[in-house]
Amino acid sequence: MLRIESTSNDKIKLAVKVATSAKCRKETGLFFLEGLRLCRDAALTGYEIETTFITDSAAEKFSEDIDFITSSSEYAYLISESIEKKITQAQTPQGIFCLCRMKKICHEINFSSGKYVALENIQDPANFGAILRTAEALGISGAITFQCCDIYNPKTQRAAMGSALRLPVIKSVNLCETLTDLAKKGMKLYATTPDNGADKITNEDLSGGIIAVIGNEGNGVSDEVFEICRKVTIPMAGRAESLNASMAAAITMWEMMRSDG
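Note that this is a predicted model, so its numbers are computed, not measured.

A. Region of interest: the overall build of the protein. Per the secondary structure count, the protein includes 12 helices and 12 strands. Dimensions along the principal axes, computed over C-alpha positions, put the protein at roughly 60 × 40 × 35 Å. Burial analysis of the protein (261 residues in total) assigns 48% to the buried set. In the protein, the share of contacts with a sequence separation of at least 24, taken over all contacts with a separation of at least 6, comes to 80%. Per element, the accessible surface of the protein, about 12,900 Å² overall, is 47% carbon and sulfur. Within the protein, one finds 29 positive and 33 negative side-chain charges whose respective centroids are separated by 1 Å.

B. View of the sheet that holds strand 3 (residues 49–55). The 5 strands lie next to each other as 1-4-3-5-2, forming an open sheet whose pairing is mixed. The sheet is open, and its two borders are formed by strand 1 (2–4) and strand 2 (30–34), each paired with just one other strand. With direction set aside, neighbouring strand axes in the sheet form an average angle of 25 degrees. The sheet contact formed by strand 3 and strand 4 (residues 73–79) spans 6 bridges and is parallel. Among the inter-strand pairings, Phe53 is bridged to a residue of strand 4, identified as Tyr77. Seen against the sheet, helix 5 (residues 63–71) touches strand 3, strand 4 and strand 5 (96–101) and runs at an angle of roughly 150 degrees to strand 3.

C. Representation of the nonpolar core within the structure. Counting 49 residues, the largest nonpolar core has Leu33, Leu119, Phe128, Leu132 and Met253 as its most contacted members. When sequence neighbours within four positions are dropped, the list of residues in contact with Leu33 reads Leu38, Cys39, Ala42, Ile96, Phe97, Cys98, Cys100, Gln157 and Leu165. Grouped together as the second largest cluster of nonpolar side chains are 19 residues, Tyr116, Phe146, Met187 and Cys229 included.

D. Structural detail: the packing of aromatic side chains. All told, the structure shown has 4 aromatic pairs when counted by the stated rule. Where Phe31 meets Tyr47, the ring centres are 5.6 Å apart and the plane angle is 80 degrees; that geometry is what we call edge-to-face. A residue pair is termed long-range when its members are at least 10 positions apart, and Phe31 in strand 2 and Tyr47 in the loop between helix 3 (36–45) and strand 3 qualify at 16 residues. The exposure classification of Phe31 matches that of Tyr47, with both residues buried. Through successive ring pairs, a cluster of aromatic residues spans Phe31, Tyr47 and Tyr152. When the ring centre of Tyr75 is taken as reference, the NZ or CZ atom of Lys11 above it lies at 4.6 Å. Across from the ring centre of Tyr47, 4.4 Å away, lies the NZ or CZ of Lys103, which sits over that ring.

E. Local environment of unusual backbone geometry. The phi angle at Asn121 is positive, at roughly 60 degrees, despite the residue not being glycine. Positive phi outside glycine occurs at Gln147, with the angle close to 55 degrees. By secondary structure assignment, the location of Gln147 is in the loop between strand 7 (142–146) and helix 8 (154–160). Using a relative accessible area of 53% as the deciding quantity, one classes Gln147 as exposed.

F. The arrangement of the pairing of strand 7 in detail. Counting buried positions along strand 7 yields 5 of 5 residues, so the element is predominantly enclosed. Taking every second residue as pointing to the same face, both faces of strand 7 are buried, with Gly142, Ile144 and Phe146 on one and Ala143 and Thr145 on the other. By the bridge criterion, 5 bridges tie strand 6 (residues 115–120) to strand 7 in an arrangement that is parallel. By the bridge assignment, Val117 is partnered in strand 7 with Ala143.

G. Representation of the sheet that holds strand 7 within the structure. An order of 8-7-6-11-9-12-10 is seen for the 7 strands of this open sheet, with the pairing classed as parallel. The open sheet is flanked by strand 8 (169–171) and strand 10 (199–200), the only strands paired with a single partner. Where helix 12 (residues 245–258) meets the sheet, it contacts strand 6, strand 9 (188–192) and strand 11 (210–214), and its direction lies at approximately 165 degrees from that of strand 11.

H. Focus on the pattern of salt bridges. A full pass over the atoms with the stated rule returns 11 salt bridges. Between Arg40 and Asp65 there is a salt bridge, with the nearest N and O atoms lying 3.5 Å from each other. Placement of the pair is Arg40 in helix 3 and Asp65 in helix 5, with a sequence separation of 25 residues. With a relative accessible area of 26%, Arg40 lands in the partly exposed category. By relative accessible area, Asp65 is classed as partly exposed at 25%.

Thresholds, definitions, all that
- Residues numbered from 1 in each chain as written.
- Predicted model: local features only at pLDDT ≥ 70, side-chain atom pairs only at ≥ 80, totals over all residues.
- Heavy atoms only, no water.
- Helix = DSSP H or I, 4+ residues; strand = E, 2+ residues; numbered from the N terminus.
- Buried < 20%, exposed > 50% of the residue type's maximum accessible area, 1.4 Å probe, protein only.
- Contact = heavy atoms within 4.5 Å.
- Areas by Shrake-Rupley, 256 points an atom, 1.4 Å probe, with all protein chains shown as cover.
- Lys, Arg positive; Asp, Glu negative; His and termini not counted.
- Charge placed at Lys NZ, Arg CZ, Asp CG, Glu CD.
- Pairing = 2+ DSSP bridges.
- Axes fitted to C-alpha atoms, helices over the stretch in contact; angles between N-to-C directions.
- Core = buried A, V, L, I, M, F, W, Y, C linked by side-chain atoms within 4.5 Å.
- Phe/Tyr/Trp six-rings, centres within 6.5 Å; stacked < 30°, edge-to-face > 60°.
- Lys NZ or Arg CZ within 6 Å of the ring centre and 35° of its normal.
- Salt bridge = Lys/Arg side-chain N within 4 Å of Asp/Glu carboxyl O.

Structure below.
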């Protein structure tokens, strides 16, 4: 395995840019992963790994897993601790990093059953990743995204803990049109709101094909989407006026899945 010693190496510069720049990710079609679990998940899920960077200590500590990851990589390099410090975004890095090629995000939606969460304008990468992680854990069929933050942002990937690599994600170019088309195919549409005047989600029949919309952290679901969905709210007994978007999504998805349990 070849070694890179200089932080000015072109491959190291590229890794830093991909990790920190959405524009660079879009232009190159690459995204950055850090840590043994995420890098291994990428290899297991069939992502094309262009380059793997490994410290000597990681190569010794995780030898079997690293052999598997590098066998799926086009290039693999040993790197020094000074380079690790330059490219890591973690407080306690594990010494393994991958540049992976993005898979084509699906825009076609032809399902007529299942449980889906639709995310409208979610802008916090940590929220975005947490929702995807919870969705996979609860058995949600997939996620529809519209004008959300970059799914390949390293913060999103870390918060998702591999779920963003595995969960089916469909990118909508017009959420109202997407939802309207799916309603015609028999899917029931719900949109969450903190408004106490909305129907309580705990009283709804959420069996069958469901799409539940979670809105922007500050502004919630748009008026246009509300017009074509049934408004539901999570009943709250305390003084808090609303929930964090990822928490609201978690409770909503739990209710969706519980209804078929």
